[in-house]
Amino acid sequence: MMMKKITGAFLAIVLMLGLDSCISDLDVTPIDPNLNTADKVYQTQDDLREGLAKIYAGFSVSGQQGPAGQGDLSGFDEGHSQYLRGLFVCQELPTEEVINGWNDGNLPKVSQMTWGDGNEFIRSFYYRAIYQVSLANEFIRQASRFVGQEGFERVPEFIAEARYLRAFSYWHALDLFGNGVPFVTEANEVGAFLPLPAGENVRGPELYEYIESEALAIIGDNPEDNANVLPDAEAAVFGEADKAAAYMLLGKLYLNHAVYLGSEDNGEYQKGLQILQRLYDAGVYSLYTTDGPNYSAYEALFLADNQLTSNEIIWAFTFDGLNAKTFGGTTYIINASMGGAMDQTDYGTADAWGGNRTTPEFVDYFEVDSPNDGRALFFTEGQSKEIQNQDQFTEGYAVVKFKNKKQDGSDGSNLSEGFADTNFPVFRLADAYLMTAELEWRINGSISAASIGRINEIRTRGGASTVNSITDPKDFLIKERARELYWEGHRRTDLVRFGELVGDNYVWAFKGGIPSGTSVSSRYNLMPIPSTDVNANPNLKQNPGY
């Protein structure tokens, strides 16, 4: 089994892509799609490498200085506007995996699923995702001028990576806000028009098909596209987008196609199985199963040196607590989960923000359905399981899945200031295994013996008992995905796909704004296009119900 190339957690960006020099250059000559500075910024292949680094860095930091000051987006709290933090708020807070206790503005309404079209936390992620698209568009537009020139031999590869990063952010936009988000590519002249929506209907094929075509092109399935392709997994370094990352993006697209398109097609599920089989056939990935003296193999996936688990992590946002400080990212995930009787230094941080914990309904996935499961990483001392007051951190079990500690028990690089080195696994092999099982069930109504074997590999690695058969695949899969993937940014999407996010079929603490939970409107299957964008651009339409 080959292993993906490993570097230090941030080396994939700092050394390969030159982020340090990118930041210093951008302090002097910012890459802004609205400013005519491209001729000054892009003059050599190294300049283009640094421009690509800026797009990667947009998933990990929030601006040019860090942790605050010179933010990429104006008008927002810089920590809240960081990509991963915004994604976590949108994908985790509206679910049973997380409840947040802060009274910051309209943040409580995200946990309660009572938000409106002016919610500033939803708006900040919307603009962050669109900002990432705009960075990629401008980079591709400028880099394309140098293709074929002497001294710019790697530029087609850079463009392929930028196309992937753009498609990835467009996928989040589609998933959260629907097919009516503004759509722009490098072919559109900057500032010449108000963007049109990707499609006329909120559920429709336009953005879906665009993301699919882009991903297929950059893995080499559309040779007529004449684009260079992403690197193979064994040729990529940790944190670099490669063909395997594109396979996972396509797998997510196909698995969720019925939500995005508004109707189900077994052919799309079949394409999902085929693309994930290509991931397995690459022969690069395997579950990480090495238990250490301090942490289990499962815990190691979420530690400050989790680049050592790169045989399982397919793509990650990389973080560095010394050189890329942010109040978002895994610093937010770790510090916001600290409080009460916890000693935060046990988890590698000096800060306890006392915000996020979990609901009793999620705890029952372990206590009731999978007792003695080692993936149940809770802190319970002084914490009640039940929640009556959303703003009391000690109500609800604390979650200690992500830590700023290394496998040998030492701390990350910046314990004193509380900034984390822990990389965030965007895609990993265990998720692919569960996706394959679900695709089989949705096609055939059952799960194959091979997939049950893979599921048992996951459960055995986590310390859970194995299963001989799965008589209720829907119930098992939605719970097993929670047990394995909680707090990794998948849950809202999963609940929408299984028909359990809205309505009263499944309720949890503070869903709908009351302690016992209640039904919520189907409009919450999508988040609103921010009222600021709808008011500024008459081409856009608000999502139904807002």
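Residues numbered from 1 in each chain as written. Predicted model: local features only at pLDDT ≥ 70, side-chain atom pairs only at ≥ 80, totals over all residues. Heavy atoms only, no water.

We now examine the overall build of the protein. Of the regular secondary structure elements, the protein holds 20 helices and eight strands. Here the C-alpha atoms of the protein give a radius of gyration of 22 Å, agreeing with the 24 Å that 2.2 N^0.38 yields for 546 residues. Buried residues in the protein amount to 62% of all 546 residues. Within the protein, residue pairs in contact and separated by at least 24 positions form 71% of the contacts whose partners lie at least 6 positions apart. Entry remark: accessible area of the protein is about 18,600 Å², with carbon and sulfur atoms responsible for 47%. (Helix = DSSP H or I, 4+ residues; strand = E, 2+ residues; numbered from the N terminus. Rg over C-alpha atoms; globule rule 2.2 N^0.38 Å. Buried < 20%, exposed > 50% of the residue type's maximum accessible area, 1.4 Å probe, protein only. Contact = heavy atoms within 4.5 Å. Areas by Shrake-Rupley, 256 points an atom, 1.4 Å probe, with all protein chains shown as cover.)

A separate point is the pattern of salt bridges. Applying the stated criterion across every chain yields a total of 39 salt bridges. Between Glu214 and Arg166 there is a salt bridge, and its shortest N-O distance comes to 2.9 Å. Taken together, the residues span a long stretch of sequence, with Glu214 in helix α9 (residues 206-218) and Arg166 in helix α8 (residues 155-177) at a distance of 48 residues. One salt bridge connects Glu268 with Lys271, and the closest N-O pair in it is separated by 3.0 Å. On the criterion of helical spacing, the pair formed by Glu268 and Lys271 is a turn pair, its members being three residues apart in helix α12 (residues 266-281). Here Lys271 falls in the partly exposed class, since its relative accessible area comes to 27%. If you follow the salt bridges from partner to partner, you end up with Glu312, Asp373, Arg375, Lys401, Arg428, Arg459, Arg461, Glu480, Arg483, Glu484 and Glu488 in one network. (Salt bridge = Lys/Arg side-chain N within 4 Å of Asp/Glu carboxyl O.)

So, about α12. Relative to the 22 Å expected for 16 residues at 1.5 Å per residue, α12 spans 23 Å between its end C-alpha atoms, a close match to the ideal helical length. Buried residues of α12: Glu268, Tyr269, Gly272, Ile275, Leu276, Leu279 and Tyr280, and no others. Burial along α12 is one-sided: seen end-on, the buried residues are contained in an arc of 150°. Exposed and oriented more than 90 degrees from the buried face of α12 are Gln274 and Asp281. Residues of α12 that are buried in the fold lie against α9, α10 (243-255), α11 (257-261), β4 (313-317), α16 (429-444) and α17 (449-462). Among the residues of α12, the N-terminal cap falls to Asp265, whose side-chain oxygen and the backbone nitrogen of Gly267 are separated by 2.8 Å. Immediately downstream of α12, the backbone of Gly283 shows phi near 70°, a positive value. (Expected span 1.5 Å × (residues − 1). Arc of directions from axis to C-beta. Polar contact = N/O pair within 3.5 Å; in protein donor to acceptor, adjacent residues only side chain to side chain.)

With that settled, the discussion passes to the packing of α8 against α9. Helix-helix packing is characterised by the crossing angle of the two axes and by the distance between the axes. Relative to each other, α8 and α9 sit at 155°, their axes nearing to 9 Å. Between α8 and α9, the crossing angle belongs to the class labelled roughly antiparallel. The element α8 and its partner α9 pack so that their crossing is left-handed. Here Ala160, Arg163, Tyr164, Arg166, Ala167, Tyr170, Trp171 and Leu174 of α8 come into contact with α9, specifically with Leu207, Tyr208, Tyr210, Ile211, Glu214, Ala217 and Ile218. A class-by-class count of the residues in the contact of α8 with α9 yields 12 nonpolar, no polar and three charged. (Axes fitted to C-alpha atoms, helices over the stretch in contact; angles between N-to-C directions. Parallel < 35°, antiparallel > 145°, perpendicular 65-115°, else oblique. Left-handed = near helix turned anticlockwise from the far one by under 90°. Nonpolar A, V, L, I, M, F, W, Y, C, P; charged D, E, K, R; others polar.)

Closest axis-to-axis distance for the helix α5 (residues 83-92)/helix α7 (residues 120-143) pair is 9 Å, and the angle between their directions is 130°. With respect to their mutual orientation, α5 and α7 come out oblique. The hand of the α5/α7 crossing is left-handed. Between α5 and α7, the contacting residues are Tyr83, Gly86, Leu87, Val89 and Cys90 on the first element and Phe121, Ile122, Phe125, Arg128, Ala129 and Gln132 on the second.

This brings us to the packing of aromatic side chains. Any aromatic ring pair is given by two values, namely how distant the centres are and how the planes are angled relative to each other. This structure, assessed with the given rule, holds 44 aromatic pairs. Here the aromatic rings of Phe168 and Phe427 are separated by 6.1 Å at their centres, their planes lie at 85°, and the arrangement is edge-to-face. In this pair, Phe168 sits in helix α8 while Phe427 sits in strand β8 (residues 424-428), placing the two residues 259 residues apart along the sequence. By relative accessible area, which is 1% here, Phe168 ends up buried. (Phe/Tyr/Trp six-rings, centres within 6.5 Å; stacked < 30°, edge-to-face > 60°.)

Its place among the elements puts Glu395 in the loop between β6 (378-379) and β7 (398-399). Among buried charged residues, Glu395 stands out as having no salt bridge; its nearest opposite-charge side chain is Arg357, 5.9 Å away. Of note is the side chain of Glu395, whose polar atom sits 2.8 Å from the backbone nitrogen of Asn389. Excluding anything up to four places from it in sequence, Glu395 contacts Arg357, Gln383, Ser384, Glu386, Ile387, Gln388 and Asn389. (Lys, Arg positive; Asp, Glu negative; His and termini not counted.)

Checked against the element boundaries, Leu273 lands in helix α12. Residues in contact with Leu273, not counting those within four places in the same chain, are Thr436, Leu439, Glu440 and Ile443.

For the rest of this paragraph, the subject is the nonpolar core. Phe139, Tyr164, Phe168, Ile211, Leu279, Trp315 and Phe317 are the most contacted members of the largest nonpolar core, which has 158 residues in total. Counting residues per element, this core draws most heavily on α8, which supplies 15 residues. Those residues within four positions of Phe139 in sequence are excluded, and the remaining contacts are Tyr42, Leu48, Gly51, Leu52, Ile55, Phe158, Ile159 and Ala162. (Core = buried A, V, L, I, M, F, W, Y, C linked by side-chain atoms within 4.5 Å.)

A positive phi angle is found at Met113, which is not glycine, with a value near 55°. In this structure, Met113 sits in the loop between α6 (107-112) and α7. The backbone of Phe510 sits at a positive phi, close to 70°, despite the residue not being glycine. With respect to the helices and strands, the residue Phe510 is situated in the loop between α19 (491-497) and α20 (531-536). A relative accessible area of 7% means that Phe510 is categorised as buried.

Glancing now at the side chain of Thr493. Checked against the element boundaries, Thr493 lands in helix α19. Leave out the neighbours within four places in its chain, and Thr493 touches Gln91, Asp175, Asn256 and Tyr260.

Here we come to the environment of Lys325. Structurally, Lys325 can be placed in the loop between β4 and α14 (329-335). Sequence separation of Lys325 and Val368 is 43 residues, and the distance between their C-alpha atoms is 40 Å. Among all residues touching Lys325, those that are not within four sequence positions of it are Gly66, Pro67, Asp320, Asn414, Glu417 and Phe419.

Quick look at the confidence of the model for the protein now. Interpretation of the predicted coordinates at a detailed level should be avoided for regions scoring low in pLDDT. Looking at the protein as a whole, the pLDDT averages 92, with 92% of positions reaching at least 70. pLDDT under 50 marks residues 8-33. Its contacts with residues more than four places away, or in other chains, come to 60 contacts. (pLDDT = per-residue confidence, 0-100.)

Positionally, Tyr397 belongs in the loop between β6 and β7. Distance from Tyr397 to Ile387, taken between C-alpha atoms, is 9.3 Å for residues 10 residues apart in sequence. Those residues in contact with Tyr397 that lie beyond four places of it in its chain are Arg357, Thr358, Val363, Glu367, Phe378, Phe379, Thr380, Gln383, Ser384 and Lys385.

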